[in-house]
Amino acid sequence: SEPVQRLTKSQCVKVEPHLATWPEHWTAGDWETESFAGNSEKFTAALARECRALGVDLCTNTRVVALEEEQGRVAKIITEKEVLDLGAGVEVVVAAGAWTPLLLATMGYFCPVYPMKGYSVAMDLPAKEAASTQLPGRMLIDGKLYVSRLGNQVNSMATLTRVIFKGEPKKPRPPKSLKCSHT
C-alpha cells in the first residue's frame, strides 16, 4: 500500500468516526498509512527497564563529549565524568537525537540529522473524556498543526524551525564506511 492515501470524506469518517462531527466544509483527507505517534518519555523509560533487565549498564545524567574510533568501531566513549573503554565485542548505538551529528563528527563522520525546534503540549484528559469516541485515535494534520491522541492524553504540536548548534558540522566530509543495520 502507498504511504499516503487520499480518502473521500466518507472513507475518512469510517477510519475516524469522530470526524463526522466536524464542520461540513471539507471533502477529503490524506491518510498517512506509515505514520505513528508515541510518548517518547514512556518509551524511553520502558526501554531503559528492558535494557537493565538484560544486563545493560546505563549511565544517566552523564554528558557524552566525544567518541573515539579504532579499526572502524567505537572503542571509547568519553564523558564529562570518565572515559569508557569498550571491549572488542561491544556494539554502540548512537541515539543522541539532535546531538548525534556532533558526536559522530568527533570520529570524522557526517550524519544528516538536523535538529528541529517546535512547540508541543500534552494534556491529560478528564476521566469522562478519556473514553470519548469524539476524539481522534490517529494523528490529524491541519496545515502546520498536528493533533494526536495517546491513551488518556491529547498531544498538539506545531511548526518546526531548523536549529543550528555552535560547532555543528557544516559540510559533509568524505564518507567513511559505517556499519549500519536497520530493523
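Our structure's up above, just so we're on the same page.
Worth saying up front: this structure is predicted, and the values here are computed from it rather than measured. (Residues numbered from 1 in each chain as written. Predicted model: local features only at pLDDT ≥ 70, side-chain atom pairs only at ≥ 80, totals over all residues. Heavy atoms only, no water.)

## Focus on the overall build of the protein chain
- Helix and strand counts for the protein chain stand at four helices and nine strands.
- Secondary structure elements in the protein chain, listed N-terminal to C-terminal, are β-α-β-α-β-β-β-α-β-α-β-β-β.
- With 183 residues in all, the protein chain has 21% of them scored as buried.
- The contacts of the protein chain with a sequence gap of at least 6 include a subset with a gap of at least 24, amounting to 50%.
- When the accessible surface of the protein chain is split by element, carbon and sulfur atoms take 57% of a total near 13,800 Å². (Helix = DSSP H or I, 4+ residues; strand = E, 2+ residues; numbered from the N terminus. Buried < 20%, exposed > 50% of the residue type's maximum accessible area, 1.4 Å probe, protein only. Contact = heavy atoms within 4.5 Å. Areas by Shrake-Rupley, 256 points an atom, 1.4 Å probe, with all protein chains shown as cover.)

## Topic: the side chain of Thr-79
- Mapped onto the fold, Thr-79 is located in strand β4 (residues 73–79).
- According to the relative accessible area criterion, Thr-79 is buried, its value standing at 9%.
- Residue contacts for Thr-79: discarding those within four places in its chain leaves Thr-62, Arg-63, Val-64, Val-65 and Leu-84.

## Focus on the sheet that holds strand β5 (residues 83–85)
- Strand order in the open sheet formed by three strands is β3-β4-β5, and the pairing between neighbours is antiparallel. Because the sheet does not close on itself, it has two edges, and the strands there are β3 (64–70) and β5. Between one strand and the next, the sheet's axes are offset by a mean angle of 25 degrees, whatever the strand orientation.
- Both β4 and β5 contribute to a ladder of three bridges, which runs antiparallel. Opposite Lys-76, over in β5, you have Asp-85 as the bridge partner. (Pairing = 2+ DSSP bridges. Axes fitted to C-alpha atoms, helices over the stretch in contact; angles between N-to-C directions.)

## Topic: the pattern of salt bridges
- Under the counting rule described, the total for this entry stands at three salt bridges.
- A salt bridge links Asp-30 to Arg-6; its shortest N-O distance comes to 2.4 Å. Taken as a pair, Asp-30 in strand β2 (residues 28–32) and Arg-6 in strand β1 (residues 4–8) lie far apart in primary sequence, 24 residues in all.
- Residue Asp-30 is classed as partly exposed on the basis of its relative accessible area, which comes to 46%. (Salt bridge = Lys/Arg side-chain N within 4 Å of Asp/Glu carboxyl O.)

## Brief notes about the environment of Gly-89
- In this fold, Gly-89 is placed in the loop between β5 and α3 (100–105).
- By relative accessible area, which is 74% here, Gly-89 ends up exposed.
- Considered as a pair, Gly-89 and Ala-75 are 14 residues apart in the sequence and their alpha carbons are 10.0 Å apart.

## Considering helix α2 (residues 40–53)
- Spanning 14 residues, α2 covers 20 Å between terminal C-alpha atoms, matching the ideal 20 Å at 1.5 Å per step.
- By the criterion of burial, α2 is predominantly exposed, with just one of the 14 residues buried.
- One or two residues past the end of α2 sits Gly-55, with phi positive at roughly 90 degrees. (Expected span 1.5 Å × (residues − 1).)

## Digging into the nonpolar core
- Formed by Leu-67, Val-74, Ile-77, Leu-103, Leu-104, Met-107, Tyr-109 and Cys-111, the largest nonpolar core amounts to eight residues.
- Elements supplying a minimum of two residues to this core: β4 and α3.
- Residues contacting Cys-111, with those up to four places away along its chain left out, are Thr-100, Pro-101 and Leu-104. (Core = buried A, V, L, I, M, F, W, Y, C linked by side-chain atoms within 4.5 Å.)

## A few points about unusual backbone geometry
- A positive phi angle is found at Asn-61, which is not glycine, with a value near 50 degrees.
- Structurally, Asn-61 can be placed in the loop between α2 and β3.
- Backbone geometry at Gln-71 places phi at a positive 50 degrees, although glycine is not the residue there.
- With respect to the helices, strands and loops of the structure, Gln-71 is situated in the loop between β3 and β4.

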